[in-house]
Amino acid sequence: MKVTISKSAKNNTHITFLTEESKIKPKDFEGKKDEITVRYKNKNTIIYCGLGKGNKCADTILRSAAAIGIRKAIDLKRKRVSIIEPKIKDLKKYPAIALIEGAVLGSYIFTKYKSEKPKTVTTAEVVSKNITKKEAKDIASVCESINYARDLVNDNANEIFPERLAEEALSIASLSDDITCTVLTDKEIKEKGLSLLYAVGQGSPYPPRLAILEYMGNPESKKNIAIVGKGITFDSGGQNLKPTAHIETMRCDMAGAAAVLGLMKALAGLKPGVNVTGVVPAAHNAIDSTSYLPGDTYKSYSGKTVEILNTDAEGRLALADAISYCIKNFSPTEIIDLATLTGSILSALGDTIAGLFSNNDALADKLFQSGEKTGERLWRLPIYDEHREAIKSDIADIRNISKLKKGHAGSITAAAFIESFVNNLPWAHLDIAGTAFNEGEVRGEVPKFGTGFGIRLLMDYLLNK
Ligand code: BES
Ligand code: ZN
Ligand code: ZN
């Protein structure tokens, strides 16, 4: 979708926004949040979107309303729409930003497997005096990168397998001279001793890969933020096979990797002055006679030995080796990982808030603030010594599931496992198992299936650096 900026509306279809207090409202329309109605005046179609109470109208509401409005325009088969920035006294300075986000994200539909491709809006003209063309272009480009990440999550696991994720990384690097890409093949993963990542992928005909993208936006600075995304292209659970009702969505288990790729793509376009290393450990956790087995012990890339007690706790293994490899070879000064890591995070926080774990309060606070601002919300959970204690092993250094009772602190002990590989560097872990894939209905700018969660959040965090 093309986004343009204009001072007055040039299209026949208008998306406009009203609060409950707006003086002039169409009949039978109250301006409530999520409310929508369409009126026809002369040659024009006016789509009215409700914002609720003016003094409660934040970016999250505008973004969601714009998404609802653009979907109505798509239903009405409109090609070109004008989105009219509302003038409401309590609104923040630049509502246009949230409107563009809502329009580009809300128009997303995964159509690859639809015989009849729905027609979509091709141009959204944002009528605003508060935003520059450059700002609008940058915001739209970040949102297009999110839609790209959603496509990766939504496609079949026999299309998006580890080698394909590595190819995506290479093609992102080709977009910009500031980005370089390194890919380790399965052979190299084995030879270099990333035995945990190798083990997770060893039962699959789709071999594992480790892709690393380096974006140097500030070569003078030594600061280097590593962003690591879990890239399990399908999580069958392995020998600890997942049952029906838990396995059907497991192509989403590379959503962390998709977010890293989407973020790096967005960086290639925006070119902010920060250094970012994107790390994608990719493997297919398959069940096969050659798969890794419960009870086995492996030596990780860091040297720490790990007792595998459940092959379905595979994400932390892939992440551990990827983080250690990144620390040793790319010298990050800070590490953030995103992972669809535990089902327990859904029990704790549902599907609208991601779990945040960190060994650094300042980093955690900044990420939390970015979450509030972007609507990709985080809530911090602790890691205490009893959780570190619970992953100690009798046969190896650590175990990949805790000794605690089933169902006890599953997300925390998973985070404690990852923490033990970060060498005390400032680190944050985002458990996105609940937020990365929407099994329910569309909610504002959040579509069904792959959501692209984390990209706007991390972009905000990086731009504030
Ligand atoms: N990929 C899953 C977590 C998941 C669950 C992601 C639901 C998205 C939606 C992860 O690898 C997993 O299987 N975790 C297990 C860990 C357990 C075996 C300790 C879990 O959460 O049940
Ligand atoms: Zn698993
Ligand atoms: Zn998994």
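See above for the structure.
Novice: Is there a simple way to think about the packing of aromatic side chains in this case?
Specialist: The geometry of two aromatic rings is summed up by the distance between their centres and the angle between their planes. Counted by the stated rule, this structure contains 8 aromatic pairs. Each ring, one from Phe-29 and one from Tyr-48, has its centre 6.1 Å from the other, and the planes form 45 degrees; the classification is tilted. Here Phe-29, found in the loop between strand S2 (13-18) and strand S3 (36-41), pairs with Tyr-48, found in strand S4 (residues 44-50); they are 19 residues apart in sequence, far enough to count as distant. Tyr-48 sits in the buried class, given a relative accessible area of 10%. With a centroid separation of 6.0 Å and an interplanar angle of 70 degrees, the aromatic rings of Phe-368 and Trp-379 are classed as edge-to-face. Taken as a pair, Phe-368 in helix H10 (residues 361-374) and Trp-379 in strand S16 (residues 378-380) lie far apart in primary sequence, 11 residues in all. Classification of Phe-368 by relative accessible area gives partly exposed; the value is 23%. What links up through ring pairs into an aromatic cluster is the set Tyr-301, Tyr-325 and Phe-330. Stacked on the ring of Phe-449, the Lys or Arg Arg-251 has its end atom at 6.0 Å from the ring centre. Positioned above the aromatic ring of Phe-421, the side-chain terminus of Lys-304 is 5.7 Å from the ring centre.

Novice: What's the story with the coordination of the zinc ion (ligand 2) in this structure? I'm lost.
Specialist: The zinc ion (ligand 2) binds to the protein through Asp-235 (OD), Asp-312 (O), Asp-312 (OD) and Glu-314 (OE), with metal-donor distances spanning 2.0 to 2.2 Å. Geometry at the zinc ion (ligand 2) is irregular, judged from the 6 donor atoms that bind it and their angles of 72 to 168 degrees at the metal. Mapping the donors of the zinc ion (ligand 2) onto the primary sequence gives the spacing D-x76-D-x1-E. Separating the zinc ion (ligand 2) from the zinc ion (ligand 3) is a distance of 3.2 Å, and Asp-235 supplies a donor atom to each of them. With Asp-235 in strand S10 (residues 231-235) and Glu-314 in the loop between strand S13 (305-307) and helix H8 (315-330), this residue pair connects regions lying 79 residues apart in the sequence. Across the pair, exposure class does not vary: Asp-235 and Glu-314 are buried alike.

Novice: I would appreciate a short explanation of the site of ligand 1 in the present structure.
Specialist: Around ligand 1, 15 residues are found, and the nearest of them are Lys-242, Asp-253, Asp-312, Glu-314 and Gly-343. At a separation of 2.9 Å, a nitrogen atom of ligand 1 approaches a polar side-chain atom of Asp-253. Asp-312 has a polar side-chain atom sitting 2.8 Å from an oxygen atom of ligand 1. In the complex, 79% of the free accessible area of ligand 1, which totals 520 Å², lies under the protein chains.

Novice: Any chance you could explain the coordination of the zinc ion (ligand 3) here in plain terms?
Specialist: Each pair of donors in an ideal octahedron of six around a metal sits at 90 or 180 degrees, and each pair in an ideal tetrahedron of four sits at 109.5 degrees. Donor atoms from the polypeptide that bind the zinc ion (ligand 3) are Lys-230 (NZ), Asp-235 (OD), Asp-253 (OD) and Glu-314 (OE), placed at 2.0 to 2.4 Å. Geometry at the zinc ion (ligand 3) is octahedral, judged from the 6 donor atoms that bind it and their angles of 78 to 173 degrees at the metal. Of note, the donors binding the zinc ion (ligand 3) are all from one chain and are spaced K-x4-D-x17-D-x60-E.

Novice: Would you mind showing me how to read the packing of helix H4 (residues 162-173) against helix H7 (residues 255-270) here?
Specialist: Packed helix pairs are characterised by how far apart their axes lie and by the angle those axes make with each other. Between H4 and H7, whose axes approach to 10 Å, the crossing angle comes to 10 degrees. Classified by the interaxial angle, the pair formed by H4 and H7 is roughly parallel. Residue-level contacts link Leu-165, Glu-168, Ala-169 and Ile-172 of H4 to Ala-257, Leu-261, Met-264 and Lys-265 of H7. Tallied by class, the residues present in the contact of H4 with H7 amount to 6 nonpolar, no polar and 2 charged.

Novice: In this structure, what is going on with the packing of helix H3 (residues 133-154) against helix H13 (residues 455-463)? I would like to understand it.
Specialist: With their axes 10 Å apart at the nearest point, H3 and H13 run at an angle of 140 degrees to one another. With respect to their mutual orientation, H3 and H13 come out oblique. For the pair H3 and H13, the crossing hand works out as right-handed. Of the residues in H13, those in contact with Val-142, Cys-143, Ser-145, Ile-146 and Ala-149 of H3 are Ile-455, Arg-456 and Met-459. When grouped by side-chain class, the residues that make up the contact of H3 with H13 number 6 nonpolar, 1 polar and 1 charged.

Novice: I would appreciate a short explanation of the sheet that holds strand S1 (residues 2-6) in the present structure.
Specialist: Two orientations exist for strands paired in a sheet by backbone hydrogen bonds: parallel and antiparallel. One open sheet holds the 6 strands; their spatial order is S1-S6-S5-S2-S4-S3, and the pairing between them is mixed. The outermost strands of the open sheet, each flanked by one partner alone, are S1 and S3. Neighbour to neighbour, the strand axes of the sheet diverge by 25 degrees on average, direction disregarded. Bridging between strand S5 (residues 80-84) and strand S6 (residues 123-127) involves 5 bridges; their strand directions are parallel. Within S6, the position partnered with Arg-80 by the bridge is Thr-123. Against the sheet, helix H1 (residues 59-75) contacts S2, S3, S4 and S5, and its axis sits at roughly 150 degrees relative to S4.

Reading the values: rules and limits
- Residues numbered from 1 in each chain as written.
- Chains lettered and ligands numbered in written order.
- Predicted model: local features only at pLDDT ≥ 70, side-chain atom pairs only at ≥ 80, totals over all residues.
- Heavy atoms only, no water.
- Phe/Tyr/Trp six-rings, centres within 6.5 Å; stacked < 30°, edge-to-face > 60°.
- Helix = DSSP H or I, 4+ residues; strand = E, 2+ residues; numbered from the N terminus.
- Buried < 20%, exposed > 50% of the residue type's maximum accessible area, 1.4 Å probe, protein only.
- Lys NZ or Arg CZ within 6 Å of the ring centre and 35° of its normal.
- Donors = N, O, S within 2.8 Å, 3.2 Å for Na, K, Ca; no water.
- Tetrahedral: all angles 85-135°; square planar, octahedral: opposite > 155°, others 65-115°.
- Near = heavy atom within 4 Å.
- Polar contact = N/O pair within 3.5 Å; in protein donor to acceptor, adjacent residues only side chain to side chain.
- Areas by Shrake-Rupley, 256 points an atom, 1.4 Å probe, with all protein chains shown as cover.
- Axes fitted to C-alpha atoms, helices over the stretch in contact; angles between N-to-C directions.
- Parallel < 35°, antiparallel > 145°, perpendicular 65-115°, else oblique.
- Contact = heavy atoms within 4.5 Å.
- Nonpolar A, V, L, I, M, F, W, Y, C, P; charged D, E, K, R; others polar.
- Left-handed = near helix turned anticlockwise from the far one by under 90°.
- Pairing = 2+ DSSP bridges.

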